[in-house]
Amino acid sequence: MKYLFVFFTLAIILVGCSKEGSHMGKDNVTVYDIDYTRNDTYFWDEYFEYSHHVVLETNDESLFKEITKLIIKNNRIHILCGSMNKVIIFDIEGNFIGSFCHYGEGPGEYLSAVDININNDDNIEVLDKLLSNINIYTLMGEFIGTKKAIAADAFLRVDENCYIFNRNNFHGQIDETQPFNFLCMQSDSIFIKDLPYVQPMAGRVFRYGEGNSLIYPYNGGISVPHNDTLYTFDIENYKLNRSLVFNFRIKRPDNYMSPKQIEDYLRRSYSGEIPSSLYGLQMLGDYIFGIFNYEKKVKHVLISTVDGKSTVSFPVLGKDRIPIIPISHTSDQIKDNFIITVLPSFFVKYNKTIQKNSFLSIIEKKLENEECNPSLIFYKLKNTPIHIEMGND
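Residues numbered from 1 in each chain as written. Predicted model: local features only at pLDDT ≥ 70, side-chain atom pairs only at ≥ 80, totals over all residues. Heavy atoms only, no water.

Colleague: Tell me about the pattern of salt bridges, and name the residues and values.
Modeller: If you walk through the whole model with that rule in mind, you get 13 salt bridges. Among the ionic pairs, aspartate 264 bridges to arginine 267, the shortest N-O distance being 2.7 Å. Taken together, the residues aspartate 264 and arginine 267, both in helix H2 (residues 259-271) and 3 residues apart, mark about one turn of the helix. Taking relative accessible area as the criterion, arginine 267 reaches 47% and is therefore assigned partly exposed. Glutamate 364 serves as the salt-bridge partner of lysine 349, at 3.2 Å between the closest nitrogen and oxygen. Here the residue lysine 349 occupies a position in helix H3 (residues 345-350), and glutamate 364 occupies one in helix H4 (residues 359-366), the gap between them amounting to 15 residues. (Salt bridge = Lys/Arg side-chain N within 4 Å of Asp/Glu carboxyl O. Helix = DSSP H or I, 4+ residues; strand = E, 2+ residues; numbered from the N terminus. Buried < 20%, exposed > 50% of the residue type's maximum accessible area, 1.4 Å probe, protein only.)

This is how it looks when you write it as structure tokens:
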């Protein structure tokens, strides 16, 4: 698929042990030191092993350009393609179930689908950033109703009447009414405001990489990133607390910076001179996996929560030269937190070195052409037992 060509250039992996570890910072928050300059390269296969794959069925209704949000729940794979304002649903084996796109400004329509959530009634909630509301649909796209919301980049339902929102500095726009990144709304009223906008960044955007990765499950809770700090929402006490710091030894933008300092930071950031903040965060047993950009390239980091040491590397391919393109996701079925990667169909169709009886050969037989939907490849840490619990429809 031509629109996935950029993904091929992101084929990746990690490694290169840092001598630095972790230490306790302010407020007894764990700080992980990351040496982003490491340039060691190892194959993905040295740390991860293939578990299984899912070929996503392709037809006129199921075709999509990219994955903005991926949710696996109740034996189904739910995908939001933000550029198409389209939601696509597959079963756990990749068979197409249904899709919908309700673009517009009328009842049951949206202008900017930036995030989705599956509620307890098994209905799909779509966050419309431009119209500041949440539309609720059945799995087949039938409109149920609308809830008041916040113009944000990501959201999550905490309970029946409570939602949290991450505004990502509102893409740099100044909102004088609610100049905060983290907002919590209950029964249509905002009752928690935290993480103030970085006002000198007006007109600029915090960059956390591709895809919707602005709210993470972490340590049994719900977390949001802000610069190099991960904040976790205390559901019982309805409070946002600092939980982790990823120390790149880079001063990130804040409200105390002058416009000149902001411009210098942006210049260095866009040129690749300094690293981005971590994105694509995932908990993998005793490890934290993340991605960041440096020198206009993608890097991976794998941090041990036991001793705080990390491995960092520029991206390389798997041993079979398979592009490794991790995608942020949430799941109620995969208890061991697989890393899911996106495998473009054109890579499979044009690969002349596929070994007989390999999982690539199995995928190749199911693809009609290079324009088919991508496949999802599931990897796990080596020597890690895996248990998959299937939900109930």
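Resuming the write-up.
Colleague: Can you tell me about empty space enclosed by the protein, naming the residues and giving the values?
Modeller: For the structure on display, the rule yields 3 cavities of 30 Å³ or more. Estimates place the volume of the largest cavity at around 50 Å³. Along the walls of the largest cavity sit Pro225, Asn227, Asp228, Thr229, Leu230, Phe246, Phe248, Ser277, Leu278 and Leu281, which together make up its complete lining. Along the lines of polarity and charge, the residues of the lining of the largest cavity split into 6 nonpolar, 3 polar and 1 charged. (1 Å grid on protein atoms, 1.4 Å probe; cavity = no way out; pocket = protein on both sides within 12 Å on 5 of 7 lines; lining within 4 Å. Points joined across faces, edges and corners; volume = space filled by probe spheres on them. Nonpolar A, V, L, I, M, F, W, Y, C, P; charged D, E, K, R; others polar.)

Colleague: Before we move on, can you summarise the sheet that holds strand E26 (residues 375-381) with the specific residues and values?
Modeller: Taken in spatial order, the 3 strands line up as E3-E26-E25 in an open sheet, and their pairing is antiparallel. Both outer strands of the open sheet, strand E3 (48-55) and strand E25 (339-343), are each paired with one neighbouring strand and no more. On average, each strand axis in the sheet is tilted by 30° relative to the strand beside it, whichever way the strands run. In this structure, E25 lies alongside E26, joined through 5 bridges in antiparallel fashion. By the bridge assignment for E26, threonine 341 is matched with isoleucine 377. Contacts from H4 reach E3, E25 and E26, with the element oriented near 15° to E3. (Pairing = 2+ DSSP bridges. Axes fitted to C-alpha atoms, helices over the stretch in contact; angles between N-to-C directions. Contact = heavy atoms within 4.5 Å.)

Colleague: Residue-level account of the nonpolar core, with values.
Modeller: Within the largest apolar cluster, 50 residues are counted, with the highest numbers of intra-cluster contacts made by Phe48 and Phe246. In terms of residues, this core owes the most to one element, strand E21 (residues 287-294), which gives 5 residues. Membership of the second largest hydrophobic core comes to 18 residues, among which are Leu70, Ile77, Ile79 and Phe338. (Core = buried A, V, L, I, M, F, W, Y, C linked by side-chain atoms within 4.5 Å.)

Colleague: An account of the sheet that holds strand E15 (residues 189-196) is needed here, citing residue identities and associated values.
Modeller: Taken in spatial order, the 4 strands make up an open sheet running E12-E13-E14-E15, and their pairing is antiparallel. Only two strands of the sheet have a single partner each, and these edge strands are strand E12 (154-159) and E15. Taking the axes of each pair of neighbouring strands and ignoring which way they run, one obtains an average angle of 20° across the sheet. Two elements, E12 and strand E13 (residues 162-166), share 5 bridges in a ladder whose sense is antiparallel. Across the sheet, aspartate 159 pairs through a bridge with cysteine 162, a residue of E13.

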